[in-house]
Amino acid sequence: MGWCGHLVTHLSAHPAMASLLRAAATWGLFPWRGYCSRGTQGELSKGFVEALKAVVGSPHVSTAAADREQHGHDESMHRCQPPGAVVWPQNVEQVSRLAALCYSQGVPIIPFGTGTGLEGGVCAVQGGVCINLTHMDRILKLDPEDFCVVVEPGVTRKTLNTYLRDSGLWFPVGRLELEALPWGPEGYQVAGPVPGHEGTPPSPGTCPRPHSALQTQAQTPRSAAWWPRQPPAPMLCAMARCGTTCSTWRWCCLAAGCFTPPAPAGTSGTLGLITAATLRLHPAPEASVAATCAFPSVQAAVDTTVHILQAALPLARIEFLDEVMMDACNRHSRLTCSVAPTLFLEFHGSERALAEQIERAEEISQHNGASHFFWAKEAEERSRLWAARHNAWYAALALRPGCKGYSTDVCVPISRLPEILVQTKEDLKASGLTGAIVGHVGDGNFHCILLVDPEDAEELRRVKAFGEHLGRRALALHGTCTGEHGIGLGKRQLLQEEVGAVGMETMRQLKATLDPRGLMNPGKVL
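Residues numbered from 1 in each chain as written. Predicted model: local features only at pLDDT ≥ 70, side-chain atom pairs only at ≥ 80, totals over all residues. Heavy atoms only, no water.

Engineer: Could you clarify how one ought to interpret the pattern of salt bridges in this entry?
Structural biologist: Here the idea is simple: oppositely charged side chains can pair when their charged atoms come close. Taken as a whole and assessed by the stated rule, the structure comprises 17 salt bridges. Across the pair Asp 322 and Lys 425 runs a salt bridge whose closest N-O atoms are separated by 2.8 Å. Pair noted here: Asp 322 is in the loop between strand S12 (315-321) and helix H7 (323-333) and Lys 425 is in helix H11 (residues 417-431), with a separation of 103 residues, a long-range link. Side by side, Asp 322 and Lys 425 carry an identical accessibility label, which is buried. In this structure, Arg 472 and Glu 497 form a salt bridge, with 2.7 Å as the shortest nitrogen-oxygen distance. Here Arg 472 is found in helix H12 (residues 457-476), whereas its partner Glu 497 is found in helix H13 (residues 492-514), with 25 residues between them in sequence. (Salt bridge = Lys/Arg side-chain N within 4 Å of Asp/Glu carboxyl O. Helix = DSSP H or I, 4+ residues; strand = E, 2+ residues; numbered from the N terminus. Buried < 20%, exposed > 50% of the residue type's maximum accessible area, 1.4 Å probe, protein only.)

This is how it looks when you write it as structure tokens:
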């Protein structure tokens, strides 16, 4: 899939940026790290804040404590570490100028989408400027014949699908809800909230904060039918190094050069900022039907998932919730589902094809002991079911008010999914921790959502140990420690174990090449 990047190049290659930096010098912002006031390390000088306002306008810059704190944390249990200022650029040129200004002064840059990440990706561990791209919300180009659309990072999935309504196309709810996807902190977050793995937290259109279309590419629930053929397609990135841009606009299979589509994924905003993306669209289905079915055990539910996939049924979505999560969703979303391990399924196609798929799915499920089938054919009923699934994170938090949530994010080959899920369920029961399991089992990814008192050091230690043990178990089964949330602050040790010394050194060299001063979201991933 083609993608375009606004990449920062060397200052000498871009006279406009050289001019900007010369202007910066006149604001008294040099020398290196001169942005800090003498009184408080990390506090931005008045001169630097004025320089930010000169780029984006005074209404789009804030140093208010409330705004800084809001942008200094995500949904994870990592403590709030606010930036020195928050800016809301309106276009690519402003992002580029902001990057040049910050880079010239050694000011860290933290991309921000909707703040729903789960690995502390937006925490400003070294202070700096938080660049919130939610105001960049234009749909730039629709190409229905090529099934693609170019959007800025602030475009939400619901907005995009409303725009597409008369085109016969749609942007499916797959991994398309991550958090400001600019190679950034919140899953696929890079520079705006179209995301925003991502992280599996709230989903687009149903949570308190809207997710961008980019975000949707990384969040839950994932589309079993769409995701495998729809990798994220970041196309325009404004990278930090002096703020200049470079683009590789192509909408086709691409093998030209080193800029392959997966490059931005998982970098938590440590390489640059995505300011636009090309997304793949699909024909709107003739009909859709969703279903829930309960099982006597975790093993039976996960076995059913594997059998359905092996039978090549064209699932649009398949999600697993254990009995604890189902109980939480019943309470939070006022459902009446059985409190048992449950699968949520969805099929798309013609009326005739759906009838055949439903019959076959019921046959496989009943063979594994399924009961309490509920089929939702009307749009309102389907929306109600998926809204409950989308809000599973908040439903789990409600099980223990006042506590924070910690989510694991392992992913394993489908053949190993029954084994690891059953073992994890047993470990969770034995641990004495309060938690639930939910998973995008169509691709082997699942989450344990653990509830922890952040003031209880012993409980925090046990939660961390549980997560690390599960991550290592996934690695032993040839899986990964993170299927969508990214590394952020919490999984850096597991990343080293997963990719090894050579892999880590390669990443460091790439980072050093694209961000030699280490100013793009420092302290994350590496």
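Engineer: Where do I start with helix H4 (residues 92-105) in this structure?
Structural biologist: A turn of α-helix holds 3.6 residues, and therefore any two residues three or four places apart point the same way. When the terminal C-alpha atoms of H4 are compared, their 20 Å separation across 14 residues agrees well with the 20 Å that a helix rising 1.5 Å per residue should span. Summarising burial for H4: eleven of the 14 residues are buried, a large majority. Among the residues of H4, those classed as buried are Gln 94, Val 95, Ser 96, Leu 98, Ala 99, Ala 100, Leu 101, Cys 102, Tyr 103, Ser 104 and Gln 105. The residue sitting at the N-terminus of H4 and contributing the capping side-chain oxygen is Asn 91; that oxygen lies 3.2 Å from the backbone nitrogen of Glu 93. The first or second residue beyond H4 is Gly 106, which carries a positive phi of 70°. (Expected span 1.5 Å × (residues − 1). Polar contact = N/O pair within 3.5 Å; in protein donor to acceptor, adjacent residues only side chain to side chain.)

Engineer: How should the packing of helix H2 (residues 46-56) against H4 be read in this particular structure?
Structural biologist: The description of two helices packed together rests on the angle between their axes and the distance between the axes. The N-to-C vectors of H2 and H4 enclose an angle of 160°; their axes lie 9 Å apart at closest approach. Overall, the two elements H2 and H4 adopt an arrangement that is roughly antiparallel. Relative to H4, H2 is oriented so that their crossing is right-handed. Along its contact with H2, which presents Phe 48, Ala 51, Leu 52, Ala 54, Val 55 and Val 56, the element H4 presents Gln 94, Arg 97, Leu 98, Leu 101, Cys 102 and Gln 105. Of the residues belonging to the contact of H2 with H4, the class tally is nine nonpolar, two polar and one charged. (Axes fitted to C-alpha atoms, helices over the stretch in contact; angles between N-to-C directions. Parallel < 35°, antiparallel > 145°, perpendicular 65-115°, else oblique. Left-handed = near helix turned anticlockwise from the far one by under 90°. Contact = heavy atoms within 4.5 Å. Nonpolar A, V, L, I, M, F, W, Y, C, P; charged D, E, K, R; others polar.)

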